[in-house]
Amino acid sequence: FFQKALTAVKNWFTLFGWSKGQNPLSIPYSLRSDVCKVQMTSSQEQVFRQDLGKDTKTVYDMLFHLSGQFLPGIPSSQSLPLDPVERMLQLHWQHSALLAFLKSHGAYLPHVMPEFLLEPDDYKKWIKIQTELKVNVKNSDIFSDKHLFILEDSIFERMSKRAWTDVLLQTYKVFVLRRVSSRNIADLYSLESVHSMPRIKLEPLSSNIYSPYERTILTWLNKHYEKNRKIVWRDCQKGEVPPMRWIVNFDQDLLDGLVLAAQLAAYCPYLIATHFVRMYTNPGTPAQFLHNCLILVNAMNAINLTIDIKV
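Conventions used here
- Residues numbered from 1 in each chain as written.
- Predicted model: local features only at pLDDT ≥ 70, side-chain atom pairs only at ≥ 80, totals over all residues.
- Heavy atoms only, no water.
- Helix = DSSP H or I, 4+ residues; strand = E, 2+ residues; numbered from the N terminus.
- Buried < 20%, exposed > 50% of the residue type's maximum accessible area, 1.4 Å probe, protein only.
- Contact = heavy atoms within 4.5 Å.
- Areas by Shrake-Rupley, 256 points an atom, 1.4 Å probe, with all protein chains shown as cover.
- Axes fitted to C-alpha atoms, helices over the stretch in contact; angles between N-to-C directions.
- Parallel < 35°, antiparallel > 145°, perpendicular 65-115°, else oblique.
- Nonpolar A, V, L, I, M, F, W, Y, C, P; charged D, E, K, R; others polar.
- Core = buried A, V, L, I, M, F, W, Y, C linked by side-chain atoms within 4.5 Å.
- Phe/Tyr/Trp six-rings, centres within 6.5 Å; stacked < 30°, edge-to-face > 60°.
- Patch = residues over 30% accessible without salt bridge, like charges linked within 9 Å, V, L, I, M, F, W, Y side chains within 5 Å.
- Salt bridge = Lys/Arg side-chain N within 4 Å of Asp/Glu carboxyl O.
- pLDDT = per-residue confidence, 0-100.
- Expected span 1.5 Å × (residues − 1).
- Polar contact = N/O pair within 3.5 Å; in protein donor to acceptor, adjacent residues only side chain to side chain.

S.K.: Quick question: what am I supposed to make of the overall build of the chain here?
M.R.: What the chain contains, in helices and strands, is 12 helices and 3 strands. In the chain, which comprises 311 residues, the proportion classed as buried is 40%. Across the chain, the fraction of contacts at a sequence separation of at least 24, relative to all contacts at a separation of at least 6, is 62%. As displayed, the chain has an accessible area near 18000 Å², and 56% of this comes from carbon and sulfur atoms.

See below:
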């Protein structure tokens, strides 16, 4: 399950997380390594700045693209110290600022420590410094070991992958999902045929699973499915018009491809005759589900909606 979630997150942020097109990323490797555009380099006892190139994209570029805000105290062309320990401490501070920034916008990340976002070698340096400072009473308030987790290499890699995945998921939640507007929610129920359907409540406490923004999307799915099912499959080749349904989740209710096909038909009605009339309207076998989803993915490819969704 976690691997599927990670793959979905990686695909979405690769395609839509950056300005000026796609930017392949790997979780957590590229997120940990691409942390600066300028690095301090030593040559003949002189320190100078080496530009890593305009094409270097960091997690801070991604956050600016999605939120329109720079992280406080971190410039767009930030550099890191040459000394390995100072570099690690600078990165730990930047990761702390990143987590604080996301939490200030509503992200839920109490289980993610800044050190989990470091490279494995930097994590070891962090643990070493924290352990050494335990004997220094004067600094115990500054470098507290209250939340110090000493993890083995393999466990740290799993923890780091999970931490970065959750950071991206919460980034999506607070900067992308919240763009969904409920201002025109009344219009979604204007159809006479939708009046008889039970409404999905949008109040924050009406669901402990979905946010108000997700429930707005569910309402949108219900509206278009009910509006279009009799139009899309009026001349269906493999069954009658599908019955009314109440769409309340994003997994079971979308498995047969019919709901998503109805959404596409609402905006691209020309796909009905070329694709959707060949769908099974009452699929009952895995082969029929696969058939429907093949048609759906082919329809998405036909309109260049190439978001790498597998059948």
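S.K.: Is there a simple way to explain the packing of helix H4 (residues 84–104) against helix H5 (residues 120–133) in this structure?
M.R.: For any two helices packed against each other, one specifies the inter-axial angle together with the distance between the axes. Their axes nearest at 10 Å, the elements H4 and H5 cross at an angle of 95°. With respect to H5, the axis of H4 lies roughly perpendicular. Side by side, H4 and H5 meet where Pro84, Val85, Arg87, Met88, Leu89, Leu91 and His92 of the first sit next to Asp122, Lys125, Trp126 and Ile129 of the second. Class assignment for the residues of the contact of H4 with H5 results in 7 nonpolar, 1 polar and 3 charged.

S.K.: What exactly am I supposed to notice about the nonpolar core here?
M.R.: Nonpolar side chains in soluble globular proteins tend to end up buried together. Counting residues in hydrophobic clusters, the biggest one holds 32 residues, and the most contacted among them are Ile27, Leu102, Leu117, Trp164 and Val167. Of all the elements in the fold, those that place two or more residues in this core are helix H1 (2–16), helix H3 (59–67), H4 and helix H6 (153–175). Looking at which element gives the most residues to this core, the answer is H6, with 6 residues. Setting aside residues no more than four positions away along its own chain, Val167 makes contact with Leu99, Leu102, Leu109, Val112 and Leu117. By size, the runner-up hydrophobic cluster in this structure holds 26 residues, among which are Cys236, Ala261, Cys268 and Leu271.

S.K.: Whenever I open this one, the packing of aromatic side chains confuses me. Can you help?
M.R.: Both the distance between ring centres and the angle between the ring planes are used here to describe each pair of aromatic rings. Counted under the stated rule, the structure contains 9 aromatic pairs. Centre to centre, the rings of Phe64 and Phe70 are 4.2 Å apart; their planes meet at 10°, and the pair counts as stacked. On the numbers, 5.2 Å between centres and 85° between planes, the contact of Tyr210 with Phe250 is edge-to-face. Of this pair, Tyr210 sits in the loop between helix H8 (192–195) and helix H9 (212–232) while Phe250 sits in the loop between H9 and helix H10 (258–267), placing them 40 residues apart in sequence.

S.K.: Could you clarify how one ought to interpret a nonpolar patch on the surface in this entry?
M.R.: There is a patch of nonpolar side chains on the surface, built from Leu290, Leu294 and Val311 and spanning about 250 Å² of accessible area. Looking at the element boundaries, Leu290 is found in helix H12 (residues 286–302).

S.K.: Just checking my understanding: could you explain the confidence of the model for the chain for this structure?
M.R.: Caution is warranted with low-pLDDT regions, since their predicted coordinates should not be read in detail. Considering every residue of the chain, the mean pLDDT works out to 82; 80% of them sit at 70 or more. Counted against residues more than four places away or in other chains, residues 42–52, with its pLDDT under 50, gives 22 contacts.

S.K.: I keep staring at the pattern of salt bridges and nothing clicks. Help me out?
M.R.: Opposite charge on two side chains permits pairing when their charged atoms draw close. This structure, assessed with the given rule, holds 8 salt bridges. With its nearest N and O atoms 3.0 Å apart, the salt bridge here joins Glu226 to Arg229. Here Arg229 and Glu226 lie together in helix H9, a separation of 3 residues that amounts to about one turn.

S.K.: Which parts of the structure should I look at to understand unusual backbone geometry?
M.R.: In most cases, non-glycine residues show a negative phi, while peptide bonds are predominantly trans. Here the residue pair Ile27 and Pro28 is connected by a cis peptide bond, since its omega of 5° sits within 30 degrees of zero. One non-glycine residue, Lys20, adopts positive backbone phi at about 60°. The class for Lys20 is exposed, based on a relative accessible area of 83%. Backbone geometry at Asn304 places phi at a positive 60°, although glycine is not the residue there. Turning to its location among the elements, Asn304 is positioned in the segment after H12.

S.K.: Just to check I follow, could you spell out the environment of Phe16 for this structure?
M.R.: Topologically, Phe16 is positioned in helix H1. On the basis of relative accessibility, which here comes to 38%, the residue Phe16 falls in the partly exposed class. In this structure the C-alpha to C-alpha distance between Phe16 and Ile307, which are 291 residues apart in sequence, comes to 9.4 Å. Beyond its immediate stretch of four places on either side in the chain, Phe16 contacts His65, Leu66 and Ile307.

S.K.: Is there a simple way to think about H4 in this case?
M.R.: Given 3.6 residues per helical turn, the α-helix brings residues three or four places apart onto the same face. The terminal C-alpha atoms of H4, which comprises 21 residues, lie 30 Å apart, in line with the 30 Å expected from a rise of 1.5 Å per residue. Listed in full, the buried residues belonging to H4 are Met88, Leu91, His92, Gln94, His95, Ala97, Leu98, Leu99, Phe101 and Leu102. On its buried face, H4 is in contact with H3, strand E3 (79–80), H5 and H6. Its side-chain oxygen at 3.1 Å from the backbone nitrogen of Val85, Asp83 defines the N-terminal cap of H4. Count one or two residues on from H4 and you reach Gly106, which has phi positive near 105°.

S.K.: Could you clarify how one ought to interpret the side chain of Asn228 in this entry?
M.R.: When you line up the elements, Asn228 lands in helix H9. Among residues more than four places away in sequence, those in contact with Asn228 are Ala262 and Ala266.

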